[in-house]
Amino acid sequence: MPHTMTPTHAIDETQMRQLREDLLDSMDEELELELDDRCGAESATNDAQAGDRIRYFRELLRLQSELVMLQDWVVKTGHRMVILFEGRDAAGKGGVINRITQRLNPRVCRVAALPAPNDREKTQWYFQRYISHLPAAGEIVLFDRSWYNRAGVEKVMGFCNDDEYEEFFRSVPEFEKMLVRSGIQLVKYWFSITDDEQHARFLGRIHDPLKQWKLSPMDLESRRRWEDYTRAKETMIERTHIPEAPWWVVQAVDKKKARLNCIDHLLAQVPYHEVEHPQVELPGRVRNPDYIRHPVPADMIVPEKY
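What you are looking at is a predicted structure, and each value in this text was computed from that prediction instead of being measured.

(A) Highlighting the overall build of the protein. What the protein contains, in helices and strands, is 12 helices and five strands. The buried share of the protein, taken over its 306 residues, is 41%. Partitioning the contacts of the protein with sequence separation of at least 6, the portion at a separation of at least 24 is 77%. Accessible surface computed for the protein: about 18,900 Å², of which carbon and sulfur atoms make up 53%.

(B) How the structure looks around the pairing of strand S1 (residues 80-87). Within S1, seven of the eight residues are buried, leaving the element largely enclosed by the surrounding structure. When S1 meets strand S3 (residues 139-144), the two strands line up parallel, connected through six bridges. In the sheet register, Ile-83 faces S3, and the bridge partner there is Leu-142. One ladder, built from eight bridges, connects S1 with strand S4 (residues 184-192); its direction is parallel. Looking across to S4, one finds that Leu-84 is bridged to Lys-188.

(C) Structural view of the packing of helix H3 (residues 50-77) against helix H12 (residues 255-268). Contact geometry for H3 and H12: axes closest at 10 Å, N-to-C directions at 25°. Between H3 and H12, the interaxial angle falls into the category roughly parallel. In this structure, H3 meets H12 at a crossing whose hand is left-handed. Residues Tyr-56, Glu-59, Leu-60, Leu-63, Glu-66, Leu-67 and Leu-70 of H3 form the contact with H12, whose participating residues are Lys-256, Arg-259, Leu-260, Ile-263, Asp-264 and Leu-267. Across the contact of H3 with H12, the residue classes tally to eight nonpolar, no polar and five charged.

(D) Fine view of helix H4 (residues 93-101). Counting buried residues along H4, seven of its nine residues qualify, which places the element largely inside the surrounding structure. Restricting attention to buried positions, one finds in H4 the residues Lys-93, Gly-95, Val-96, Ile-97, Arg-99, Ile-100 and Thr-101.

(E) Seen up close, the packing of aromatic side chains. For the coordinates displayed, the defined rule picks out 18 aromatic pairs. Aromatic pair Phe-168 and Phe-169: ring centres 5.4 Å apart, planes at 70°, arrangement edge-to-face. Side by side, Phe-168 and Phe-169 carry an identical accessibility label, which is buried. Through successive ring pairs, a cluster of aromatic residues spans Trp-125, Tyr-126, Phe-127, Tyr-130, Phe-143, Trp-147, Tyr-148, Tyr-165, Phe-168, Phe-169, Phe-175 and Trp-247. Lying across the ring of Tyr-130, Arg-129 places its NZ or CZ 5.2 Å from the centre. Over the ring of Tyr-165 we find Lys-155; its NZ or CZ atom is 4.6 Å from the centre of that ring.

(F) Highlighting the packing of helix H9 (residues 195-207) against helix H10 (residues 217-224). Between H9 and H10, the shortest axis-to-axis distance is 11 Å and the interhelical angle comes to 150°. Here H10 runs roughly antiparallel to H9, going by the angle between their axes. Handedness of the H9/H10 crossing: left-handed. Residues Asp-195, Gln-198, His-199, Phe-202 and Arg-205 of H9 form the contact with H10, whose participating residues are Asp-219, Ser-222 and Arg-223. The class makeup of the residues in the contact of H9 with H10 is one nonpolar, three polar and four charged.

(G) Structural view of the pattern of salt bridges. For the coordinates displayed, the defined rule picks out 18 salt bridges. A salt bridge links Asp-162 to Lys-155; its shortest N-O distance comes to 3.8 Å. Taking relative accessible area as the criterion, Asp-162 reaches 54% and is therefore assigned exposed. Between Arg-205 and Asp-219 there is a salt bridge, and its shortest N-O distance comes to 3.9 Å. With Arg-205 in helix H9 and Asp-219 in helix H10, this pair connects stretches of sequence that are 14 residues apart. Comparing Arg-205 with Asp-219, the two get one shared label, buried. Members of the salt-bridge network, linked through shared partners, are Glu-86, Asp-89 and Arg-145.

(H) Layout of the nonpolar core. Core analysis: the largest hydrophobic core is formed by 34 residues, its most contacted members being Ile-83, Phe-85, Ile-100, Tyr-189 and Phe-191. Only H3, S1, H4, S3, S4 and H12 provide two or more residues apiece to this core. Ranked by residue count, the leading element in this core is H3, at eight residues. For Ile-100, the contacting residues outside a window of four places in its chain are Leu-67, Phe-85, Leu-142, Ile-263 and Leu-266. Counting residues in hydrophobic clusters, the runner-up holds 26 residues, among them Tyr-165, Phe-175, Trp-190 and Trp-247.

(I) Spatial organisation of unusual backbone geometry. For Ala-90, which is not a glycine, the phi torsion comes out positive at approximately 70°. Structurally, Ala-90 can be placed in the loop between S1 and H4. Under the relative-accessibility criterion, Ala-90 is labelled buried at 9%. In the Ramachandran plot, Arg-145 falls in the positive-phi region, its phi being about 75° despite a non-glycine side chain. On the secondary structure map, Arg-145 appears in the loop between S3 and helix H7 (153-157). Residue Arg-145 is classed as partly exposed on the basis of its relative accessible area, which comes to 24%.

What counts as what
- Residues numbered from 1 in each chain as written.
- Predicted model: local features only at pLDDT ≥ 70, side-chain atom pairs only at ≥ 80, totals over all residues.
- Heavy atoms only, no water.
- Helix = DSSP H or I, 4+ residues; strand = E, 2+ residues; numbered from the N terminus.
- Buried < 20%, exposed > 50% of the residue type's maximum accessible area, 1.4 Å probe, protein only.
- Contact = heavy atoms within 4.5 Å.
- Areas by Shrake-Rupley, 256 points an atom, 1.4 Å probe, with all protein chains shown as cover.
- Pairing = 2+ DSSP bridges.
- Axes fitted to C-alpha atoms, helices over the stretch in contact; angles between N-to-C directions.
- Parallel < 35°, antiparallel > 145°, perpendicular 65-115°, else oblique.
- Left-handed = near helix turned anticlockwise from the far one by under 90°.
- Nonpolar A, V, L, I, M, F, W, Y, C, P; charged D, E, K, R; others polar.
- Phe/Tyr/Trp six-rings, centres within 6.5 Å; stacked < 30°, edge-to-face > 60°.
- Lys NZ or Arg CZ within 6 Å of the ring centre and 35° of its normal.
- Salt bridge = Lys/Arg side-chain N within 4 Å of Asp/Glu carboxyl O.
- Core = buried A, V, L, I, M, F, W, Y, C linked by side-chain atoms within 4.5 Å.

Encoded structure:
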């Protein structure tokens, strides 16, 4: 008889501790690093994980500095790059995307997170609405879910028929080969978590008012259809793992390790190097003796409550 997890919104001490850790995890990295530094030895004594967090933040900042170097190289060389992030709901895709883009220029590195297709888009060629988001020279595009929706949620939830599903698998290898031949580098990541970990993260979203918006009816249904999604994922990888655009699986039960591992691996996929920049000199301000600065009316000033 298949094992069924008891559906419950109750939360025990272990899950409450995980919620606290998730709250810390959602804080800005620099803020938490500063707090840890201020706490110093007291924090290390009271929290055995304080040292691990500090090491994580320092390694993350190092990798983010490499991402800035990568960005400069992409702009300099006109490189075009597409990165797909797929995985189960609550697998941590958004977290790693946030850490990749955190220090980068949004005009160079942007995120494409498409909503469900509208009535007009449903009549288009399936890949059509994704094409408009592809990068020009000197750009990186991160797809927070991608055309692989057809192989996952659309298949499992019955949003496409069998003919459309099979046509997707006939088309997508050729579509991706065409992108690569045109000079676009395509990197595909699948974030993998366990059944229990997804359950715990969904509980976290239920009990955290700041995260409840992340929990959609589709997410709840994905819990019931865990095995269906597993079969769909296995079929997807088997039929779309091609030499021109292979799949890479990120073990994502540990969020922090998953972020570091993914960013480190991503950097290794690109032959970037440091780009020399001309020395920046701040020009002196021109001062005009006739210039008079007019006072700002008091009723326009934002109250200083802090």
